[in-house]
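Breakdown of the fold
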Amino acid sequence: MPEITLRSPIFDLTFHPQKPIVYTAQLSGHVRAFSYDERGNLSPLFSVKYSKRSCRGISLSHDGSVLYAVGKEKALNTIDTSLAVVSESRAKVHESTINRVKTLTPWLLVTGDDDGIVKLWDPRQRESTRTYTHHYDCITDFLWLEDKKHLVTTSSDRTLSVVDVRANKTKPVAHSEDQEDELLSIVLIMGGTRAVVGTQLGVLSIFGRSSGWGDCIDRVPGHPQSVDTMCTMPSISGMDTSRMILTGSSDGFVRAVQVLPTKLHGVVADHGDWPVERIAVGTAETSEMNVEKRRTPLPKAGGKQVTKEGDSDDDDDCDGDAQPSCLQTWIGSVGHDVLKLTDLEAFFSPSDKRKEAEDEDDEESIDTNEDKDNNPANDNESASNNPLPQGKRKHKQDKDVMNSENKSFRAALWPMNRT
């Protein structure tokens, strides 16, 4: 599983909508960009340090040309991703630390702070267009309902709310009852008819849009610790993913979970003892290119420290030693200072992955045993002691270990499956 370790904890990440690039927000105030190839290998592109204080959240515009960054300095910063510079900074737009930011439409984004204040923004204007004050604790997540132009907000005050961004009123159109647990994350399933909310106790609360947002219609236990982040499962060939989600928990595991009915498909990523801060899905055409990396200094923008790391060529056409491109879906997850990428289709197609590993092992076995082919004594000894070829033996051992680990995962990581 490809991964990279940074120098400070990571709070958020997001993928470019068209290019194989992933962005991270860090405690140090840096926003870093990394490119990835068809194997998920990460290469640094640029680093922007816009503040001495932590960066809590980032969000890209729909075309990926602009990245919005928020954090402890209570400002809304705009970064030009093509130039790797801070193009605009709105200072002190909130009275407390801004925890979340999300782009809703090309001309609308939203921010939420630790005091429960939510603000809508038009990127073309300096001041916010609307302010909502019905929450009183930290804003944890946003969900955009495109069909109704409604914004769903979850909060640590144990409630969620729905506002109509078209209305001039600042009163929400719906506000749930006290759910008796902190609400940390939210995603849609089943074609947008159900919403899944992750909670502090590890329970998944199911809300039905047709039933209203007053209270949940079902609860799904199973996670041993809090569900801090979630994302919708993308389409996978040959699978129905309409009821599946990806969850990131404070126990360090990223899980693929099906709800209604409930089923654990497996552990996608493991961050050890560190909680999973954020997960995201990225789909882009990737190609493996032999490009000599270079470090190119960039001019400072408005006193902000900007550094370019790696190749700055943004051309879409591959040349030189480029290989044919392919469309891949990657799961990005962050825990403490580690960023991991997981090939989603490879995760759900382990047989193909094992077959590829087996073929590689067979080739290595042939290469390392070429000298032994001319020695009959070695052949007899190998035939008597090792009835299977080296590649086959290793594959069988790996398969036995994998089956044992899968049984342990289902018993220990999904307590509701215990009998």
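Residues numbered from 1 in each chain as written. Predicted model: local features only at pLDDT ≥ 70, side-chain atom pairs only at ≥ 80, totals over all residues. Heavy atoms only, no water.

1. Side note on the side chain of Thr105
Its location among the elements puts Thr105 in strand E10 (residues 98-105). With a relative accessible area of 18%, Thr105 lands in the buried category. Here Thr105 is in contact with His62 and Trp144, once residues within four sequence places are set aside. (Helix = DSSP H or I, 4+ residues; strand = E, 2+ residues; numbered from the N terminus. Buried < 20%, exposed > 50% of the residue type's maximum accessible area, 1.4 Å probe, protein only. Contact = heavy atoms within 4.5 Å.)

2. Some details on the pattern of salt bridges
Scanning the entire structure with this criterion turns up 13 salt bridges. Ionic pairing is found between Lys149 and Glu146, a salt bridge with its closest N-O pair at 3.0 Å. Residue classification places Lys149 among the partly exposed positions, given a relative accessible area of 26%. In this structure, the salt-bridge partner of Arg209 is Asp147, at a minimum N-O distance of 3.2 Å. Note that Arg209 is positioned in the loop between strand E20 (204-208) and strand E21 (218-220) and Asp147 in the loop between strand E14 (139-145) and strand E15 (150-155), a separation of 62 residues in sequence. (Salt bridge = Lys/Arg side-chain N within 4 Å of Asp/Glu carboxyl O.)

3. Concerning the UniProt feature "repeat: WD" (unreviewed entry) in the chain
Per the UniProt record, the feature "repeat: WD" (unreviewed entry) sits at residues 108-131. Helix and strand shares over residues 108-131 are 0% and 50% respectively, and the end C-alpha atoms of the span are 13 Å apart. (UniProt positions renumbered as here; feature names shortened; annotations may be inferred.)

4. Things to note about the layout of surface pockets
By volume, the second largest pocket is sized at about 1200 Å³. What lines the second largest pocket is a set of 36 residues, and nearest its centre among them are Thr14, Lys102, Cys231, Ala280 and Val281. At the level of secondary structure, the elements contributing two or more residues to the lining of the second largest pocket comprise strand E2 (10-15), strand E6 (55-60), E10, E14, strand E18 (183-189), strand E22 (227-232) and strand E26 (278-286). Residue contributions to the lining of the second largest pocket peak at 6 residues, all from E26. (1 Å grid on protein atoms, 1.4 Å probe; cavity = no way out; pocket = protein on both sides within 12 Å on 5 of 7 lines; lining within 4 Å. Points joined across faces, edges and corners; volume = space filled by probe spheres on them.)

5. Observations concerning the sheet that holds strand E8 (residues 76-80)
Spatially, the 4 strands line up as an open sheet ordered E6-E7-E8-E9, and their pairing is antiparallel. Of all strands in the sheet, those with a lone pairing partner are E6 and strand E9 (85-90), marking the two edges. Looking at each pair of strands side by side, their axes are set apart by 25 degrees on average, direction ignored. (Pairing = 2+ DSSP bridges. Axes fitted to C-alpha atoms, helices over the stretch in contact; angles between N-to-C directions.)

6. So, the environment of Thr342
Note that Thr342 resides in strand E29 (residues 338-343). What makes Thr342 buried here is its relative accessible area of 7%. Separated by 10 residues in the primary sequence, Thr342 and Gly332 place their C-alpha atoms 6.6 Å from one another. In this view, Thr342 contacts Met1, Val268, Ala269, Thr329, Trp330 and Ile331; residues no more than four positions away in its chain are not counted.

7. A closer look at the environment of His62
Position of His62 among the secondary structure elements: in the loop between E6 and strand E7 (66-71). For His62, a relative accessible area of 44% translates into the label partly exposed. In contact with His62, other than residues within four places in its own chain, are Pro17, Gln18, Thr103, Leu104, Thr105 and Pro106.

8. Digging into unusual backbone geometry
The amide bond that connects Leu260 to the next residue, Pro261, takes the cis arrangement and shows omega of 0 degrees. The phi torsion at Glu180 lies on the positive side, around 60 degrees, for a residue other than glycine. One can find Glu180 in the loop between strand E17 (174-175) and E18.

9. Observations regarding the nonpolar core
Generally speaking, a soluble globular protein has its nonpolar side chains buried in company with each other. Tyr23, Val31, Phe46, Cys55, Ile58, Leu67 and Ala69 are the most contacted members of the largest nonpolar core, which totals 17 residues. The next biggest cluster of nonpolar side chains, apart from the first, holds 15 residues, and it includes Leu42, Trp330, Leu339 and Leu341. (Core = buried A, V, L, I, M, F, W, Y, C linked by side-chain atoms within 4.5 Å.)

10. Some words on the confidence of the model for the chain
Predicted confidence across the chain gives a mean pLDDT of 82, with 74% of residues reaching 70 or more. Taken together, the stretch residues 310-322 has pLDDT below 50 and engages in 21 contacts with residues farther than four places along the chain or on a different chain. (pLDDT = per-residue confidence, 0-100.)

11. Considering the side chain of Gln26
Examined against the element boundaries, Gln26 turns out to sit in strand E3 (residues 21-26). With relative accessibility at 0%, the residue Gln26 sits in the buried group.

12. Examining the environment of Thr329
Among the secondary structure elements, Thr329 is positioned in strand E28 (residues 326-335). Residue Thr329 is classed as buried on the basis of its relative accessible area of 9%. Considering only alpha carbons, one finds Thr329 and Thr283, 46 residues apart in sequence, at a separation of 4.4 Å. Residues in contact with Thr329, not counting those within four places in the same chain, are Pro234, Val281, Gly282, Thr283, Thr342, Asp343 and Leu344. Of the polar contacts made by the side chain of Thr329, one reaches the side chain of Thr283; its length is 3.1 Å. (Polar contact = N/O pair within 3.5 Å; in protein donor to acceptor, adjacent residues only side chain to side chain.)

13. Some details on the packing of aromatic side chains
Enumeration over the complete set of coordinates arrives at 5 aromatic pairs. Measuring from ring centre to ring centre gives 6.1 Å for Tyr23 and Phe46, while their planes differ by 50 degrees; the resulting arrangement is tilted. One end of the pair, Tyr23, is in strand E3; the other, Phe46, is in strand E5 (residues 42-49), and 23 residues separate them in sequence. On the numbers, 6.2 Å between centres and 25 degrees between planes, the contact of Phe207 with Trp213 is stacked. With respect to burial, Phe207 and Trp213 carry one shared label: buried. What links up through ring pairs into an aromatic cluster is the set Phe15, Tyr36 and Trp330. Cation over ring: Arg56 sits above Phe11, and NZ or CZ is 6.0 Å from the ring centre. Positioned above the aromatic ring of Trp107, the side-chain terminus of Arg124 is 4.3 Å from the ring centre. (Phe/Tyr/Trp six-rings, centres within 6.5 Å; stacked < 30°, edge-to-face > 60°. Lys NZ or Arg CZ within 6 Å of the ring centre and 35° of its normal.)

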